[in-house]
Amino acid sequence: MTMNALKLANSNPYAICYLKGGKENPRLKGTVEFFPWATGSIIKLEVLGLPTGNLNNFFGFHIHEKGVCEDNKKFETAGSHYDVGMNLHPNHVGDLPMIYSNNGYAFMLYYTNRFKPDDIVGKSIIIHRMTDDMMTQPAGNSGARIACGIVIKRRWMFA
């Protein structure tokens, strides 16, 4: 990533998602920010309160097709992974790299050319309890949905 991309990632995002954990993970919270860059998006993630009770430090991380986060339904109302074709997992447009937790905290900066921020406004972001195996269809066998947030367009931006 160039220095200009890093400078961009420290500015105001085009779109943002506020993640909130479900009943089983009430301390889990974070933000996912989306910046237009080149032919795609820079994604900046910061999460606190990821589960630390087992040896799993990796968590599935996906964009889902519906902008609905109903905790009482374990976030299942967010639908399947977002895709714009007939792609198989892990090639859905919404398949993102796994989150690596450091004692419950994660930070990641990532570039993808699969979508631009405008394409995912109104979709949801889901964190799954387990590692995405990158093979199992249709969603990588990454376990329960433990956090959810809806991608919204920023209403204001500063130069």
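Being a predicted model, the structure only gives us computed values, none of them experimental.

*Asks:* Give me the overall build of the protein: which residues, what numbers.
*Replies:* Helices and strands together make up the secondary structure of the protein, namely two helices and nine strands. For a compact globule of 159 residues, the expected C-alpha radius of gyration is about 15 Å, and the protein comes in at 15 Å, within 12% of that figure. Reported as C-alpha extents along the three principal axes, the dimensions of the protein are approximately 40 × 35 × 25 Å. Per-residue burial over the protein gives 43% buried out of 159 residues. The contacts of the protein with a sequence gap of at least 6 include a subset with a gap of at least 24, amounting to 67%. Taken as a whole, the protein presents about 8600 Å² of accessible surface, with 55% of it coming from carbon and sulfur. Seen as two clouds, the 17 positive and the 13 negative side-chain charges of the protein have centres 7 Å apart.

*Asks:* Just give me the short version of unusual backbone geometry, but keep the residues and values in it.
*Replies:* Going from His 89 to Pro 90, the amide bond is cis rather than trans, its omega being 10°. For Pro 90, the location among the structural elements is in the loop between β5 (61-64) and β6 (99-100). The linkage connecting Gln 137 with the following residue, Pro 138, adopts the cis geometry, with an omega of 5°. Checked against the element boundaries, Pro 138 lands in the loop between β8 (124-128) and β9 (145-153). Despite not being glycine, Phe 75 has its phi angle at roughly 65°, a positive value. By secondary structure assignment, the location of Phe 75 is in the loop between β5 and β6. Taking relative accessible area as the criterion, Phe 75 reaches 4% and is therefore assigned buried.

*Asks:* How would you sum up the environment of Pro 90? Please name residues and give values.
*Replies:* Relative accessible area serves as the criterion here: at 24%, Pro 90 is assigned to the partly exposed category. Those residues within four positions of Pro 90 in sequence are excluded, and the remaining contacts are Asp 95, Arg 114 and Met 134.

*Asks:* Can you break down the state of the cysteines residue by residue, with the values?
*Replies:* All told, the structure shown has one disulfide when counted by the stated rule. There is a disulfide in this structure between Cys 69 and Cys 148, and the S-S distance comes to 1.9 Å. Disulfide Cys 69 to Cys 148: torsion about the S-S bond roughly -65°, handedness left-handed. Remark: Cys 148 occurs in strand β9 and Cys 69 occurs in the loop between β5 and β6; sequence separation between them is 79 residues. Its relative accessible area of 28% is what places Cys 69 among the partly exposed residues.

Thresholds applied
- Residues numbered from 1 in each chain as written.
- Predicted model: local features only at pLDDT ≥ 70, side-chain atom pairs only at ≥ 80, totals over all residues.
- Heavy atoms only, no water.
- Helix = DSSP H or I, 4+ residues; strand = E, 2+ residues; numbered from the N terminus.
- Rg over C-alpha atoms; globule rule 2.2 N^0.38 Å.
- Buried < 20%, exposed > 50% of the residue type's maximum accessible area, 1.4 Å probe, protein only.
- Contact = heavy atoms within 4.5 Å.
- Areas by Shrake-Rupley, 256 points an atom, 1.4 Å probe, with all protein chains shown as cover.
- Lys, Arg positive; Asp, Glu negative; His and termini not counted.
- Charge placed at Lys NZ, Arg CZ, Asp CG, Glu CD.
- Disulfide = S-S within 2.5 Å.

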